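# Close look at the chain arrangement
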Amino acid sequence: MSFDAIRLEEKQQAFAELREVKTIFAERGWFPGTSGNLSIRTGEFSPDQFAFAITSSGKDKSVHTPSDYLLVDQNGKPMEATGLKPSAETLIHCEIYRATGCGAIFHVHTVFNNLVSELYGEHGSVPVDGVELIKAFNIWEEEAQIEIPILPNYADIPSIAKLVKGAIVPRIPGILLRKHGIYAWGANAFEAKRHLEAFEFLFEYAYRLALLKK
Ligand SMILES: CSC[C@@H](O)[C@@H](O)C(=O)COP(=O)(O)O
Ligand SMILES: [Zn+2]
C-alpha cells in the first residue's frame, strides 16, 4: 500500500483523534515516564494490508508537538519518509489489528493494571465475577464471569507479538502484559476508550477485592 492510498484528510483525522484521546489520558496520569502508546487505523482494511496512525516512540505524551504521530503499514513500517520512530511496541498493534480487524488500540501503564497482572500472573488471566461494568464490553448476561488474558512481558517485542493472536479471547477487547500494562481495542476510538476505562475500573476493583479477602 502506498501513502497515496491514505487520503490526507484521513491521516489528519486520525492524528486529531489521537491527540484528543492523548490529552484526556494524559490528564489522568496514564502516561507516566513517556510510557503508553495509541493508534487508530485509517484507510481500507484487509488482514494483509492496512495502515494506522500511531504515537512516535519515547515522546512525552502530556505535551503536543508536530512530531507526535506517524502513519505505518501492516508491518509497522513508516509509510512516508520521516525521522520519526514509531512506538517500540508497534508490532503488538499490528498483530492486534490483524487478529481482530479493530479500528483503534490504546495502551497504558497504570499502577492497578501492573498490580493485577502480577497478582494473577501465574494464573494467566484476571478473573472478574459478575461486575456490572463488563457491560462496557457488550457482555450482558447476568453474573457473567470473564477472564482477562495476561501475556509475559518479554524484552523482545516480536516474541510478545507472536503470542498475541493465540491469547485473544473473542469477547474480551484487551490483553495485559505482566508488570507492564494493558492493550485495549475497539471498533473505533470511542469504543476503545470505553473498553480501556472499563478495564481500569475492573483492575482497581480486582486489586481491592483481593486485599479485602486477605
Ligand atoms: C518508558 S517505559 C515504557 C516503554 O518501554 C513502553 O512500554 C511504552 O509503553 C512506550 O514506548 P513507546 O516506544 O514510547 O511507544
Ligand atoms: Zn508499554
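On a predicted model such as this, the values are computed, not experimentally measured, just so you know.

### Here's the deal with the packing of aromatic side chains
Working definition: an aromatic ring pair is given by the centre-to-centre distance plus the angle between the planes. If you walk through the whole model with that rule in mind, you get eleven aromatic pairs. Arranged with centres 5.5 Å apart and planes meeting at 45°, the rings of Phe-15 and Tyr-69 form a pair that is tilted. Here Phe-15, found in helix H1 (residues 8-27), pairs with Tyr-69, found in strand E3 (residues 69-73); they are 54 residues apart in sequence, far enough to count as distant. Seen in terms of ring centroids, Phe-25 and Trp-30 are 5.1 Å apart; in terms of plane orientation they differ by 50°. Their pairing is tilted. Judged on exposure class, the residue Phe-25 and its partner Trp-30 are both buried. A cation sits over an aromatic face here: Arg-28 above Trp-30, 5.0 Å from the ring centre.

### Things to note about the pattern of salt bridges
Tallied over the full model, the rule gives twelve salt bridges. Between Glu-10 and Arg-7 there is a salt bridge, and its shortest N-O distance comes to 3.8 Å. Arg-178 is the salt-bridge partner of Glu-122, the closest N and O atoms lying 2.9 Å from each other. Here Glu-122 is found in the loop between helix H3 (111-119) and strand E5 (125-129), whereas its partner Arg-178 is found in the loop between strand E7 (174-177) and strand E8 (181-186), with 56 residues between them in sequence. For Glu-122, a relative accessible area of 70% gives the class exposed. The structure contains a network of salt bridges with shared partners spanning Arg-7, Glu-9 and Glu-10.

Rules used in this analysis
- Residues numbered from 1 in each chain as written.
- Chains lettered and ligands numbered in written order.
- Predicted model: local features only at pLDDT ≥ 70, side-chain atom pairs only at ≥ 80, totals over all residues.
- Heavy atoms only, no water.
- Phe/Tyr/Trp six-rings, centres within 6.5 Å; stacked < 30°, edge-to-face > 60°.
- Helix = DSSP H or I, 4+ residues; strand = E, 2+ residues; numbered from the N terminus.
- Buried < 20%, exposed > 50% of the residue type's maximum accessible area, 1.4 Å probe, protein only.
- Lys NZ or Arg CZ within 6 Å of the ring centre and 35° of its normal.
- Salt bridge = Lys/Arg side-chain N within 4 Å of Asp/Glu carboxyl O.

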